[in-house]
Amino acid sequence: MGSRIEILNQGGFRSDGRRQFELRDITIDLSQQGQADGSAVVTHGLTHVLVSIFGPREAKIRSQTIHDRANVNVEVGVAAFSTGDRRKRTRGDKRILELAASIKSTFEPVIQTNLYPRSQIDVFVQVLQQDGGLLQACINATTLALVNAGIPLLDFVCAVTGGVHSTSPLLDLTLLEENDIPNVTIAVMPKTGKVTLLTMETRLHVDRFEEIFKLATDAAKVIHGEMKTAVQSRTSMLVTAMGSAPRVGGGDVVDKDNDDRMNEF
Amino acid sequence: MRPPSPSIPEKEFLYTSLKESLRLDGRLPMEIRTPTLIFGDNLGWVECSLGKTRVLAQIEGKMVKPPPERPYEGIITIHSEISPMASSEYEPGRPSDEEVTITRMLDKVLKRSDAVDKESLCILAGQRVWHIRLTLHFLSDAGNMLDCACLAGMVALKHFRRPDVEVIGDEVTLHEPTERAPIPLAIHHTPFCFTFAFFRDPMIPPIIDPSQLEQRLSAGLISIALNAQRELCVLQKLGGVPLDPDEVLKIVTIAVQKAKELNNIVDVRLKEDWEGRHVEVR
């Protein structure tokens, strides 16, 4: 076994150089992937996840149609090269099935499924690289992909992981930290501050849990800020490309398709 | 084959009564069904029932060669396939969503939480370790099979006694239970699982230990596994209606109290059974 890596050293730095409450670098890419109606590639540090959304469209599996709502179908694929050692995971792997079931039950109450009866919304999650915070990245990517696909949601769903190292709480854990300290993954709807998803698999004292729980709910709001910025910048880029927005910096505004009246609303 | 969805009168009746904190079986919102534990002749055979929900747990131990990456630890495997005997909605072969949830939760509560000390299961490092196999049979589903299964599994682990083994040099001698008294497993802590159901209507309070109908009509479930020492082992809220952080903490506090009560009940039952079984070797 190699040398023990310090989770949090004397100077307050973690093994990857971050501070206690510092989140990893987030990159969000909302460009179109293939034929998908909506897609997003989200990275949290070294964890890369790609989500493609197809739908709402006619249900492929007739037996699963619901007469008054859309059916949300989630499939997760973990690439064999995603972890340090190459390991092929079968589709029936219980951990992957659980991941898919968690994503499905997280988004079912958030997507306004009653607007699309008897249809199906397919969510395909592809994990490209894993370095801790897998569920967190999947949920964030799914939210962005759904927004990108134009599927109406009640609110964003922002997820973050938190852990406790002896008595110090940490946020956004890497794989090394996740394997070592008790950790919890939380997904929050920022408008109301309510918690949609909460999982913890390791032993943690109730008092410590309260602390990290409150901290993580606040951290999720920070992620919400990033997601909102990304969505807004992509939308403004699309709108400028379509030519229907007034150009910034003056100049004559030419209303080619007579929808200037729309701007009054 | 999925059973038909509850009828509208059933739905309305349940929601209306829950708004007045009345449950269909007469329980309080925060009252669990009293668990009944029946022990079989063999050690490690337990049938646990929560009302009409019944789960049978059985433990076997045998000596095997450990995998090369973990030569000092024993192996614990949990087998829990839900057959259509529990309810017609479960199909053999294909794990339904609920089955996956139950299997994963059992894995987290009984294995990942390190309830049983695996190093004590080592007989001869790198050569022989104990392989403890826990098999769960789901006999009947009247709601909340998860809590019942976790309880059955945990009590079976506490009830089981493995044969005594003597190691001299490189030789391993297995003593029959009639020669030497069998030894209990080294259990670090006893996690108990509690499932709470909550509903879309904010006027309806969350309820513990949902029955079949309550589970089907709930808008979300939260499962908490913890031990009597106020340590949370597993916390799982997979989607469902969003909850206020304060509500979650309130539920955790209630679970802490229930864990203490359940721990006492289990201890009393185990002691009763052991008294009846007492065998002295002279």
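Quantities reported herein were computed from a predicted structural model and do not represent experimental measurements.

**Student:** Is there a simple way to explain the overall build of chain A in this structure?
**Tutor:** The helix and strand tally for chain A stands at four helices and 10 strands. Counting helices and strands in the order they occur from the N terminus, chain A gives β-β-β-β-α-β-α-β-β-α-β-β-β-α. When its C-alpha atoms are laid out on the principal axes, chain A stretches across 70 × 55 × 35 Å. Among the 265 residues that make up chain A, the fraction classed as buried is 47%.

**Student:** Would you mind going over the pattern of salt bridges with me for this structure?
**Tutor:** One side chain can pair with another of opposite charge once the charged atoms of both are near each other. Residues and elements named next belong to chain B. Using the criterion set out here, one finds 31 salt bridges over all chains in the structure. The partner of aspartate 25 in a salt bridge is arginine 27, and the shortest N-O contact between them spans 3.0 Å. What makes arginine 27 buried here is its relative accessible area of 7%. Among the salt bridges present, the one from aspartate 107 reaches arginine 104, with a minimum N-O distance of 3.4 Å.

**Student:** Help me out: how do you make sense of the pairing of strand β4 (residues 75–79) of chain B in this one?
**Tutor:** Within a regular strand, side chains alternate between the sheet's two faces. Residue and element names in this part refer to chain B. On β4, burial follows the alternation: Ile76 and Ile78 on one face are buried, whereas Ile75, Thr77 and His79 on the facing-out side are not. Pairing geometry for β4 and strand β6 (residues 128–140), over five bridges, is parallel. Counted as the bridge partner of isoleucine 78 is leucine 134 from β6.

**Student:** Would you explain empty space enclosed by the protein in this entry?
**Tutor:** Regions of empty space are outlined by a rolling probe, equal in size to a water molecule, passed over the atoms. All names here are of chain B. Using the criterion set out here, one finds one cavity of 30 Å³ or more in the structure. Of the voids in this model, the largest cavity is the one considered here, and its volume is about 70 Å³. Every residue along the wall of the largest cavity is listed here: Ile32, Pro35, Leu50, Asp147, Leu151, Cys193, Phe194, Asp209 and Leu262. The set of elements that each furnish at least two residues to the lining of the largest cavity consists of α3 (145–159) and β11 (192–198). A per-class count over the lining of the largest cavity returns seven nonpolar, no polar and two charged.

**Student:** Would you explain the sheet that holds strand β5 (residues 119–129) of chain A in this entry?
**Tutor:** Within a sheet, each strand pairs with its neighbour through backbone hydrogen bonds, oriented either parallel or antiparallel. Residue and element names in this part refer to chain A. With respect to topology, five strands assemble into an open sheet ordered β1-β2-β3-β5-β4, the strand pairing being mixed. Edge strands, defined here as strands with exactly one partner in the open sheet, are β1 (26–29) and β4 (71–78). Here the strands of the sheet are splayed against their neighbours by 15 degrees on average, with no regard to which way each runs. In the packing of helix α1 (residues 94–107) onto the sheet, the strands contacted are β4 and β5, and the crossing angle to β4 comes to about 145 degrees. Against the sheet, helix α4 (residues 206–242) engages β1 and β2 (38–44), with an angle of about 30 degrees to β1.

**Student:** I would appreciate a short explanation of the environment of A:Leu50 in the present structure.
**Tutor:** Residue and element names in this part refer to chain A. By secondary structure assignment, the location of leucine 50 is in strand β3 (residues 47–58). The spatial distance from the C-alpha of leucine 50 to the C-alpha of valine 72 is 18 Å, given a sequence separation of 22 residues. For leucine 50, the contacting residues outside a window of four places in its chain are Gln33, Ala40, Val41, Phe124, Val125, Gln126 and Leu128.

**Student:** Just checking my understanding: could you explain the pairing of β6(B) for this structure?
**Tutor:** Residues and elements named next belong to chain B. Of all the 13 residues making up β6, 10 are buried; the element is thus mostly covered by neighbouring parts of the structure. With 11 bridges joining them, strand β3 (residues 53–64) and β6 adopt antiparallel strand pairing. Each bridged residue has a counterpart across the sheet, and for lysine 62 the counterpart in β6 is histidine 131. Here two bridges tie strand β5 (residues 122–124) to β6, and the two strands are oriented antiparallel to one another. Counted as the bridge partner of cysteine 122 is valine 129 from β6. Where β5 folds back on β6, the antiparallel hairpin that results is connected by three residues, among which glycine 126 adopts a positive phi of roughly 80 degrees.

**Student:** Help me understand unusual backbone geometry, please; the structure alone is not making it clear to me.
**Tutor:** Glycine aside, negative phi is the norm for most residues, and most peptide bonds take the trans geometry. All names here are of chain A. With omega at -5 degrees, the peptide bond leading from glycine 55 into proline 56 counts as cis. Mapping proline 56 onto the fold places it in strand β3. Despite not being glycine, aspartate 172 has its phi angle at roughly 55 degrees, a positive value. Locating aspartate 172 in the fold gives a position in the loop between β7 (168–171) and α3 (175–180).

**Student:** Would you take a moment to explain the interface of chain B and chain A for this structure?
**Tutor:** How big an interface is tends to be reported as the loss of accessible area on association of its parts. Taken together, the contacts link 32 residues of chain B with 31 residues of chain A. Where chain B abuts chain A, roughly 3000 Å² becomes buried across the two surfaces, and 60% of that area is made up of carbon and sulfur atoms. Taken together, chain B and chain A are joined by six salt bridges. Among the ionic pairs, A:Glu98 bridges to B:Arg104, the shortest N-O distance being 2.8 Å. Between chain B and chain A we count 14 residue pairs in polar contact (both at pLDDT 80 or more) in total. For the side of chain B that touches chain A, the secondary-structure elements that each account for two or more residues are α2 (97–112), β14 (231–237) and α5 (245–277) of chain B.

**Student:** Explain the packing of aromatic side chains here, please?
**Tutor:** For any pair of aromatic rings, the description consists of the separation of the ring centres together with the inter-plane angle of the planes. All names here are of chain A. In the structure shown here, the tally under the stated rule is three aromatic pairs over all chains. Aromatic side chains phenylalanine 54 and phenylalanine 124 sit 5.7 Å apart centroid to centroid with 70 degrees between the ring planes, which places their arrangement in the edge-to-face category. Taken together, the positions of phenylalanine 54 in strand β3 and phenylalanine 124 in strand β5 put the pair 70 residues apart, joining distant regions of the chain. Since its relative accessible area comes to 21%, phenylalanine 54 is described here as partly exposed. The exposure class of phenylalanine 124 is partly exposed, given its relative accessible area of 30%. Above the ring of phenylalanine 13, the side-chain terminus of arginine 19 is found at 4.2 Å from the ring centroid.

**Student:** So what exactly am I meant to see when it comes to the packing of α4(A) against α5(B) here?
**Tutor:** When two helices pack together, you describe them by how their axes are tilted relative to each other and by the distance separating the axes. Between α4(A) and α5(B), the least distance of the axes is 11 Å, while the angle of their chain directions is 165 degrees. When the interaxial angle is binned, α4(A) and α5(B) end up roughly antiparallel. Crossing geometry of α4(A) relative to α5(B) is assigned as right-handed. Contacts from A:Val206, A:Phe209, A:Glu210, A:Phe213, A:Lys214 and A:Thr217 of α4(A) reach α5(B) at B:Pro245, B:Val248, B:Leu249, B:Val252 and B:Val256. Taken together, the residues that form the contact of α4(A) with α5(B) break down as eight nonpolar, one polar and two charged.

Each value, and the rule that gives it
Residues numbered from 1 in each chain as written. Chains lettered and ligands numbered in written order. Predicted model: local features only at pLDDT ≥ 70, side-chain atom pairs only at ≥ 80, totals over all residues. Heavy atoms only, no water. Helix = DSSP H or I, 4+ residues; strand = E, 2+ residues; numbered from the N terminus. Buried < 20%, exposed > 50% of the residue type's maximum accessible area, 1.4 Å probe, protein only. Salt bridge = Lys/Arg side-chain N within 4 Å of Asp/Glu carboxyl O. Pairing = 2+ DSSP bridges. 1 Å grid on protein atoms, 1.4 Å probe; cavity = no way out; pocket = protein on both sides within 12 Å on 5 of 7 lines; lining within 4 Å. Points joined across faces, edges and corners; volume = space filled by probe spheres on them. Nonpolar A, V, L, I, M, F, W, Y, C, P; charged D, E, K, R; others polar. Axes fitted to C-alpha atoms, helices over the stretch in contact; angles between N-to-C directions. Contact = heavy atoms within 4.5 Å. Buried area = accessible area lost by both parts, 1.4 Å probe. Polar contact = N/O pair within 3.5 Å; in protein donor to acceptor, adjacent residues only side chain to side chain. Phe/Tyr/Trp six-rings, centres within 6.5 Å; stacked < 30°, edge-to-face > 60°. Lys NZ or Arg CZ within 6 Å of the ring centre and 35° of its normal. Parallel < 35°, antiparallel > 145°, perpendicular 65-115°, else oblique. Left-handed = near helix turned anticlockwise from the far one by under 90°.

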